[in-house]
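Coordinates in review
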Amino acid sequence: RKEVEQDPGPFNVPEGATVAFNCTYSNSASQSFFWYRQDCRKEPKLLMSVYSSGNEDGRFTAQLNRASQYISLLIRDSKLSDSATYLCVVNGGSGGYNKLIFGAGTRLAVHP
Amino acid sequence: GAGVSQSPSNKVTEKGKDVELRCDPISGHTALYWYRQSLGQGLEFLIYFQGNSAPDKSGLPSDRFSAERTGGSVSTLTIQRTQQEDSAVYLCASTQGSGNTIYFGEGSWLTVV
């Protein structure tokens, strides 16, 4: 089993749609969780951290379910500019607490 | 500089040659990561440096790969006797510490021909 698993997609949605991504992780001791965004041929950039209580940043909502070891990202009112690959990131991995493990990413394509 | 700086940005090398990739992290960041990303694939962890602690080398794919971090700042990733499967973008990232946001450089795009 991969340490961090994501549905690769692609998710093809029209503008204005709501879309949700899930990510599961294997290490129950993991403490830090993030969503990163990566545009084609660019480096990943932080979208948002994921807190135990859940957090929201504008159209984006992230949630953490420790019992089931999954993280979700909800994007409301999708924009064309949201088209990118969304990477789930978890610390802890099999190599130790400080190792950050990236999922393979979920590709989102928003069309007019 | 303000961000993570990597060089070279692009490198084309012949199979069997050695290459060195450099990363200059954000000033004050104690932790530094190297990742590799092949075309259309996810990020593959290579190595992690934290302060003066022994690096976590668990992701290095073979003994042709090595990395060092001198003076707790600049890091060099060396690939010896490059193979075509080494072609990828090599991403460096730094952070202030565990649990903090990591910031990536723009990557070094390596092509082995």
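Structure report, in brief. Here the structure is a predicted model, which is why all the values come from computation and not from measurement.

Attention shifts here to the overall build of chain A. Of regular secondary structure, chain A possesses 0 helices and 11 strands. Against the compact-globule benchmark of 13 Å for 112 residues, chain A has a radius of gyration of 14 Å, which places it among compact chains. Considered along the principal axes of its C-alpha atoms, chain A spans approximately 45 × 30 × 20 Å. Here chain A holds 112 residues, and the buried ones make up 46% of them. For chain A, the exposed surface amounts to about 5400 Å²; the carbon and sulfur share of it is 48%. One finds the centroid of the 12 positive side-chain charges in chain A at a distance of 4 Å from the centroid of its 10 negative side-chain charges.

Below, the discussion takes up the sheet that holds strand β3 (residues 19-25) of chain A. Adjacent strands of a sheet form backbone hydrogen bonds with each other and so pair up, either parallel or antiparallel. Residues and elements named next belong to chain A. Read from one edge of the open sheet, 5 strands run β1-β3-β8-β7-β6, paired in antiparallel fashion. Two strands in the sheet have a free side with no partner beyond their single neighbour: β1 (4-6) and β6 (55-57). The average angle at which neighbouring strand axes cross in this sheet is 20°, direction not considered. With 6 bridges joining them, strand β7 (residues 60-65) and strand β8 (residues 70-75) adopt antiparallel strand pairing. Paired with T61 across the two strands is L74, which belongs to β8.

Another aspect to go through is the environment of E43(A). Position of E43(A) relative to the elements: it lies in the loop between β4 (33-38) and β5 (45-49). E43(A) sits in the buried class, given a relative accessible area of 12%. Here the alpha-carbon distance between E43(A) and S53(A), two residues 10 residues apart in the chain, equals 28 Å. Residue contacts for E43(A): discarding those within four places in its chain leaves R37(A), Q38(A), L91(B), F104(B), G105(B) and E106(B).

Time to look at the packing of aromatic side chains. Taken as a whole and assessed by the stated rule, the structure comprises 12 aromatic pairs over all chains. Considering the side-chain rings of Y25(A) and F33(A), the 5.0 Å spacing of their centres and the 50° angle between planes classify their relative orientation as tilted. Measuring from centroid to centroid gives 6.1 Å for Y36(A) and F104(B), while their planes differ by 85°, and the two rings are edge-to-face. With Y36(A) in strand β4 and F104(B) in strand β9 (residues 103-104), this pair bridges two chains. As far as the burial class goes, Y36(A) and F104(B) line up, both buried. Among the aromatic residues, ring-to-ring pairing joins F34(A), Y36(A), F102(A), Y33(B), Y35(B), F45(B), Y48(B) and F104(B) into one connected group. Of note, R41(A) hangs over the ring of W109(B), and the distance from its end group to the ring centre comes to 4.3 Å.

Counting residues at the interface gives 20 residues for chain B, matched by 17 residues for chain A. For the pairing of chain B and chain A, the buried interface totals around 1600 Å² over both sides, and the portion due to carbon and sulfur atoms is 58%. Scanning the region where chain B abuts chain A turns up 3 residue pairs in polar contact (both at pLDDT 80 or more). Counting residues per element, the ones that place at least two in the side of chain B that touches chain A are β4 (31-37) and β5 (43-50) of chain B.

Now for the pattern of salt bridges. All names here are of chain B. Using the criterion set out here, one finds 8 salt bridges over all chains in the structure. Between E14 and K17 there is a salt bridge whose closest N-O contact spans 3.7 Å. Of the residues examined, K17 reaches a relative accessible area of 44% and is grouped as partly exposed. A salt bridge links D86 to R64, with the shortest nitrogen-to-oxygen separation between them at 2.8 Å. Here D86, found in the loop between β7 (75-79) and β8 (88-95), pairs with R64, found in the loop between β5 and β6 (65-69); they are 22 residues apart in sequence, far enough to count as distant. On the basis of relative accessible area, R64 is assigned to the buried category, the value being 12%.

Each value, and the rule that gives it
Residues numbered from 1 in each chain as written. Chains lettered and ligands numbered in written order. Predicted model: local features only at pLDDT ≥ 70, side-chain atom pairs only at ≥ 80, totals over all residues. Heavy atoms only, no water. Helix = DSSP H or I, 4+ residues; strand = E, 2+ residues; numbered from the N terminus. Rg over C-alpha atoms; globule rule 2.2 N^0.38 Å. Buried < 20%, exposed > 50% of the residue type's maximum accessible area, 1.4 Å probe, protein only. Areas by Shrake-Rupley, 256 points an atom, 1.4 Å probe, with all protein chains shown as cover. Lys, Arg positive; Asp, Glu negative; His and termini not counted. Charge placed at Lys NZ, Arg CZ, Asp CG, Glu CD. Pairing = 2+ DSSP bridges. Axes fitted to C-alpha atoms, helices over the stretch in contact; angles between N-to-C directions. Contact = heavy atoms within 4.5 Å. Phe/Tyr/Trp six-rings, centres within 6.5 Å; stacked < 30°, edge-to-face > 60°. Lys NZ or Arg CZ within 6 Å of the ring centre and 35° of its normal. Buried area = accessible area lost by both parts, 1.4 Å probe. Polar contact = N/O pair within 3.5 Å; in protein donor to acceptor, adjacent residues only side chain to side chain. Salt bridge = Lys/Arg side-chain N within 4 Å of Asp/Glu carboxyl O.

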